[in-house]
Amino acid sequence: MNIRAWVSAIRDSLQSMTRSPIMSLASMATVAVSLLVLAVISLLAVNLEYMAATAEDQVEVRVYFCVNDETTEACQDGEPTQAQKRALLDAAKQVPGVESVTFVSKEVAWQQMKQQHPEYEDIYRGFEEDGMNPLHDSLVIEAADPDQVKSIAEQMAQMKGVSEVNYGQDFVDNLLAFTKAVRLGGIALVVMLVIATVLTLSNTIRLSVYARRREIAIMKLVGATNWYIRRPFVVEGVLLGAFGALFSMALTSWGYTQVVKYVYVNVPFLPIISPQDILWDLTGGLTLLGVLLGAVGSAVSMRRFLKV
Amino acid sequence: MIQFVNVTKIYPNAHVPSLNGINLHIGRGEFVFLVGPSGAGKSTLMKLLYREEVATSGKVIVDGKDIGRLRPSMVPYLRRNLGVIFQDFKLLPERTVFDNVAFALEVTDVPRREILRRVPAALELVGLRHKARSKCLELSGGEQQRVAVARAIVRNPVLVIADEPTGNLDPENSWAIMKLLSDINQMGATVVVATHARTIVDQMKKRVIAIEKGVVVRDEERGTYGYEH
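All of these numbers come straight from a predicted model, not from anything done at the bench.

What counts and what doesn't
Residues numbered from 1 in each chain as written. Chains lettered and ligands numbered in written order. Predicted model: local features only at pLDDT ≥ 70, side-chain atom pairs only at ≥ 80, totals over all residues. Contact = placed C-beta atoms within 7 Å. Helix = DSSP H or I, 4+ residues; strand = E, 2+ residues; numbered from the N terminus. Nonpolar A, V, L, I, M, F, W, Y, C, P; charged D, E, K, R; others polar. Buried ≥ 20, exposed ≤ 12 C-beta atoms within 10 Å, placed from the backbone. Pairing = 2+ DSSP bridges. Axes fitted to C-alpha atoms, helices over the stretch in contact; angles between N-to-C directions. Expected span 1.5 Å × (residues − 1). Bend = angle between axes of the 7 residues up to and from the residue. Parallel < 35°, antiparallel > 145°, perpendicular 65-115°, else oblique. Left-handed = near helix turned anticlockwise from the far one by under 90°.

Some details on the interface of chain B and chain A
- Taken residue by residue, the interface counts 16 residues in chain B and 14 residues in chain A.
- If you list the elements that add at least two residues to the side of chain B that touches chain A, you get α2 (75-79) and α3 (97-106) of chain B.
- The element best represented in the side of chain B that touches chain A is α2(B), accounting for 4 residues.
- Class assignment of the residues belonging to the side of chain B that touches chain A gives a composition of 9 nonpolar, 1 polar and 6 charged.

What follows is the structure in C-alpha cells.
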C-alpha cells in the first residue's frame, strides 16, 4: 500500500467536492435522507420487537365468565351460578402450571377500569345512569412460567361457562404481525431510496470524472492501472456517503433521545430501548452502509470511463 | 521490436477497413517514418501499438508480446514500456512542467526520490530544465511538445511512438523535436514517427513506410516522403 498515492487520492477527491459543491451537497443529502428513513424504520421495528418480547414475559391469563345474553355454545346455559363460578375457580387451580387464581367480580373490574382510564367518565356515567355494567366476572390466573401461559389459556377456554380467555400472546401476535408489516414496508421504501441514492452519487462522481477526463486519458496513456485512476473517485464517493451517514445519524440520535425522554415522562410503563443501547450500533451500521453506497455509486459511474 | 502479421482493422460501423492485411517488421533500435495521406491508416496503426485499439484480425507483436491477446488489466504494464507523443501534446496545462513529466512516474507508483532524480534529467535532455516551475499553458507550442517528449522518455521506454508530433509546430520547432527523437533513438529506443513533414523526412534519410488506404505501398531504407503536398 502506497501512502503517498492515498494522500493524493484524498486531496483530489476533496478538490472535486469543492469544485461542484451543490452536487456534493445534493448527494450527501440523498444519502442522509435514505439512511434517516432506514434508521427510523430500524428503531421502530427494534422497539416493537422489544415490546413484543416484554409482553411475552407477562404471565397473566384472564378468564371471563359467560353472561346471560351470549349465544355461543360454551355460554348456552347463560351466566354460571356463584357455585359454578366457585367450581371453575377450583378447577383452574388444578390446571398444571397455575400459580394462583383470583376471582374479580364485574363490580370490582368496573371500579378498576374507572381508575385506570378516568378520561372516559362520560361513558361510565351513561352506563351507571342506566344501571348497567357491561363487564363480566372474571378470573385472573398467574402462571408459574411464561411458557405455560398458552396451554393454561387453551385449557381454560374449553371449560363450560367460560366466554373468553385473554392472555399476552394475542397482543404479542398482533404486535409481531404489525412489526413484520413495518419491516416489509420499510425495506421496500429503503430499497427505492437506496437506488435513488446510488444514482445521485454516481451522477456526482460522473461530473468529477468528466471534469478530469483529460487527466484520466493521460493517466491511461502513461500506464496507470485502472485501480489507480479509480481511487480518488472511489474515495470521493466514500466520503460523500460517510458524511451523509454521519449527518443522518446526528439527526436520528437527537430525535430518538427526545422521543425516549418523552416516553419516560409521559408513558412510563411503555417498554422502549434506551438510546445508549442502540445508537452506537446503528451509527456504525449506517456509516458502513453509507460508505458502501458511495463506493458502489462511484464504481457505477467509473465503469464506462475505464474501458481501454 | 514490432511485428505486424496480416493485420486488419475494421472499426465498428465502418464499411472499409482502416488497415487491410498489414505485414511489417521493425527491428530493435530502428527509426521509422510512417507517411501517407490523411485517413490512410497511420493513426490506427499507431493505436494498435499502444493498444488503444485492438486488431480485428492478425497479430500485433510488440517487444515479444502478442498485445492483441493481452488481458485488459495488463495493458497499463505494456504502456509503461512505451513513450507516446501526440500532435496536441496531451499535457495538463494548469500544472507545471515538472509535474507533467513527474505525472508519468507518479501514477505508476515510482518512489519520490526516484522522481526527483529522473524528471530533471529528462527535462535537461529536452532543454527545459530552467522552465521546470512554469505552468505548461505559459509555454510555446514547441516547448510544450518538448515537455511531452520528456514525459515520454522519463521512463526509458524501449519504444517511442509519435503521432504527427510536429503537426502544430513551425519548421524550426519541428526540427528540434525530430532531432530530439533522433537522439532518443541513438540512446537505444526504437522510434516510430507518423508525419506529414516532408522536408524533414527527406533530409533525415531514415526508413520510410508509406501507407495508403490501409495498405503498405512502399517501404524503403533511407527513403523520402514521396508525396507532393
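What about the pairing of strand β8 (residues 190-194) of chain B?
Residues and elements named next belong to chain B.
- For β8, the buried fraction is high: 5 of the 5 residues fall into the buried class.
- Of the two faces of β8, the one carrying Thr190, Val192 and Ala194 and the one carrying Val191 and Val193 are both buried.
- Both strand β3 (residues 31-35) and β8 contribute to a ladder of 4 bridges, which runs parallel. Note on β8: the bridge partner recorded for Val32 is Val192.

Re the sheet that holds strand β4 (residues 162-167) of chain A
Residue and element names in this part refer to chain A.
- The 4 strands lie next to each other as β2-β3-β1-β4, forming an open sheet whose pairing is antiparallel. Two strands in the sheet have a free side with no partner beyond their single neighbour: β2 (98-104) and β4. If you compare each strand with its neighbour and ignore which way they point, the axes differ by 20° on average.
- Its contacts with the sheet put helix α6 (residues 149-158) on β1 (60-65), β2, β3 (138-143) and β4, and the angle it makes with β4 is roughly 170°.

Re helix α9 (residues 226-266) of chain A
- Relative to the 60 Å expected for 41 residues at 1.5 Å per residue, α9(A) spans 58 Å between its end C-alpha atoms, a close match to the ideal helical length.
- At A:Pro232, α9(A) shows its largest bend, some 30°.

Concerning the packing of helix α1 (residues 3-19) of chain A against α9(A)
Residues and elements named next belong to chain A.
- The geometry of α1 relative to α9 is characterised by a closest axis approach of 8 Å and an angle of 55° between their N-to-C directions. By the angle class used here, α1 and α9 are oblique. Crossing of α1 over α9 shows right-handed handedness. Contact residues: α1 offers Ala5, Ala9, Ile10, Asp12, Ser13, Ser16 and Met17, while α9 offers Tyr228, Arg231, Pro232, Val235, Glu236 and Leu239.
- Among the residues forming the contact of α1 with α9, the class breakdown is 8 nonpolar, 2 polar and 3 charged.

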